[in-house]
Amino acid sequence: MLNNTREKTVLEHFIDSNKKMIRESLGKIAGFSVEELISSAINTQKHVSTLLMLAERYHEIYQRKKALNSLIDFSDMEEMAIRILEKDDRLIARQYQRQFREIMIDEYQDSSLSQEKLSRLLVNGYNSFKVGDIKQSIYGFRNAKPEIMKGLIENITENDRLIHLSTNYRSGKTIIDFSNLVFSRLMNVHSPQTYTGDDDLIVWEANQNNTDKVEIVDLVLPDSAGRKQRNFSMCRY
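Model, not experiment: these values are computed from the prediction.

### Points about the overall build of the chain
Across its full length, the chain carries 7 helices and 6 strands. The order of helices and strands in the chain, counted from the N terminus, is α-α-α-α-β-α-β-α-β-α-β-β-β. Split into buried and exposed, the 237 residues of the chain put 19% on the buried side. Expressed as a percentage of contacts within the chain between residues at least 6 apart in sequence, the contacts between residues at least 24 apart total 59%. Surface exposure of the chain reaches about 18,800 Å², of which carbon and sulfur atoms provide 54%.

### Re the nonpolar core
Counting residues in hydrophobic clusters, the biggest one holds 11 residues: Ile82, Leu85, Ala93, Ile103, Ile105, Tyr108, Leu121, Leu122, Val123, Ile148 and Met149. Sorting the residues of this core by element identifies α4 (74–99), β1 (103–105), α5 (113–122) and α6 (146–154) as the ones contributing at least two each. The dominant element in this core, judged by the number of residues it contributes, is α4, at 3 residues. In this structure Ile148 touches Tyr108, Ser111, Ser112, Leu113 and Glu116, once residues within four positions along its chain are discounted.

### So, the layout of surface pockets
Remark: the empty space left among the atoms is shown by a probe the size of a water molecule rolled over them. Its boundaries defined by the atoms lining it, the second largest pocket holds a volume of some 260 Å³. Lining the second largest pocket, in full, are Phe74, Ser75, Glu78, Glu79, Asp110, Ser112, Leu113, Ser114, Gln115, Tyr139, Arg142 and Asn143. Looking at which element gives the most residues to the lining of the second largest pocket, the answer is α4, with 4 residues. Of the residues that constitute the lining of the second largest pocket, the class distribution is 3 nonpolar, 5 polar and 4 charged.

### Here's the deal with the packing of aromatic side chains
Scanning the entire structure with this criterion turns up 4 aromatic pairs. Ring centres of Tyr96 and Phe100 lie 5.7 Å apart, and the angle between their planes is 10°; this geometry places the pair in the stacked category. Residue classification places Tyr96 among the partly exposed positions, given a relative accessible area of 34%. For the cation-ring pair, Lys135 lies above Phe183, with the distance from its terminal atom to the ring centre recorded as 5.7 Å.

### Comments concerning the environment of Gly132
Here Gly132 shows up in the loop between β2 (128–130) and α6. Of the residues examined, Gly132 reaches a relative accessible area of 34% and is grouped as partly exposed. Expressed as a C-alpha distance, the spacing of Gly132 and Ser111, which sit 21 residues apart in the sequence, is 9.7 Å. In this structure Gly132 touches Tyr108, Gln109 and Met149, once residues within four positions along its chain are discounted.

### Considering the confidence of the model for the chain
On average, residues of the chain carry a pLDDT of 81, and 70% of them reach 70 or more. Within the chain, β1 carries the highest mean pLDDT (96), whereas strand β6 (residues 229–236) carries the lowest (56).

Calculation rules
Numbering of residues starts from 1 in each chain and follows the order in which that chain's sequence is written. In keeping with the model being predicted, local features are shown solely for residues with a pLDDT of at least 70 and side-chain atom pairs are shown and tallied solely at 80 or more, while totals for entire chains, interfaces and linings include all residues. Water and hydrogen atoms were dropped before computing side-chain values, which therefore reflect all heavy atoms in the structure. The secondary structure listing takes helices from DSSP runs of H or I that are at least 4 residues long and strands from runs of E that are at least 2 residues long, numbered from the N terminus. To sort residues, take the accessible area from a 1.4 Å probe on protein chains only and compare it with the maximum for the residue type: under 20% means buried, over 50% means exposed, and anything in between is partly exposed. Whether two residues are in contact is decided by their heavy atoms: any pair within 4.5 Å suffices. Residue exposure ignores everything except the shown protein chains as possible cover, and the areas themselves are Shrake-Rupley values with a 1.4 Å probe. We call a set of buried residues a nonpolar core when its members are Ala, Val, Leu, Ile, Met, Phe, Trp, Tyr or Cys and they connect through side-chain atoms within 4.5 Å of each other. A 1.4 Å probe that fits into a set of points on a 1 Å grid over the protein atoms alone but cannot get out defines a cavity; an open set with protein on both sides within 12 Å along at least five of seven lines defines a pocket, and lining residues are those with an atom within 4 Å of a point. Grid points are joined across faces, edges and corners, and a volume is the space filled by probe spheres set on the points. Residues are grouped as follows: Ala, Val, Leu, Ile, Met, Phe, Trp, Tyr, Cys and Pro are nonpolar; Asp, Glu, Lys and Arg are charged; all remaining types, including Gly, are polar. When two rings of Phe, Tyr or Trp (its six-membered ring) have centres within 6.5 Å they constitute a pair, described as stacked for plane angles under 30 degrees, edge-to-face for angles over 60, and tilted for the intermediate range. Our definition puts a charge over a ring when NZ of Lys or CZ of Arg is within 6 Å of the ring centre and also within 35 degrees of the ring normal. Per-residue confidence from the predictor is reported as pLDDT, a score between 0 and 100.

Shown next as structure tokens:
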């Protein structure tokens with residue numbers, strides 16, 4: 001682990017190189033000063049190091065317990081499947097490629113690198129159908145990489161066909177317009193080309209005159225045991 005002096009030197013070098021950007025960003029977010037940022041990083045370094053050590057120790061014990069009890073988890077299944085499909089110059093992978101007429105992948109925006117590699121081993125180059133929405137990616141904590149889907153969209157080949165499922169059948173014009181406005185801002189933070197007009201939702205013709213009336217409803221529900229009451233406020237469309 002880096003000692004405090006070294007840690008501070010690294011931080012100060014980074015901050016000096018990006019001082020203007022950091023000051024503006026911190027000021028907008030929470031009013032932190034550069035000095036407060038350095039102090040906070042130094043003070044938490046010991047605790048973060050302890051957490052990392054515990055995580056590494058937990059991983060070692062977890063792997064040992066699985067081996068002792070002949071168990072595997074979901075990640076192990078992915079890794080083992082990839083190793084099997086790649087074995088003997090992808091002999092088994094080629095068998096599966098001939099076996100499956102079509103391979104359909106849902107929630108493609110939440111694919112991990114391992115899952116993408118696994119799917120590429122199974123498809124024959126022109127028989128995969130993938131459905132996803134980058135805006136709905138929520139599994140970053142499970143190694144989801146929405147940039148996989150983004151990369152495919154931006155590098156279409158002659159064997160690919162991109163279809164935008166833009167019509168929304170659930171909501172009226174007010175909600176759709178608001179959603180398009182919000183995501184056109186949020187999705188273009190790092191690149192002005194991240195979100196384009198093709199990503200906008202279109203209101204279903206039957207909902208064009210829907211006012212999107214939303215009201216707050218107060219509910220009183222019993223708990224699981226049926227004894228105590230719990231109060232809720234919900235939005236009803």
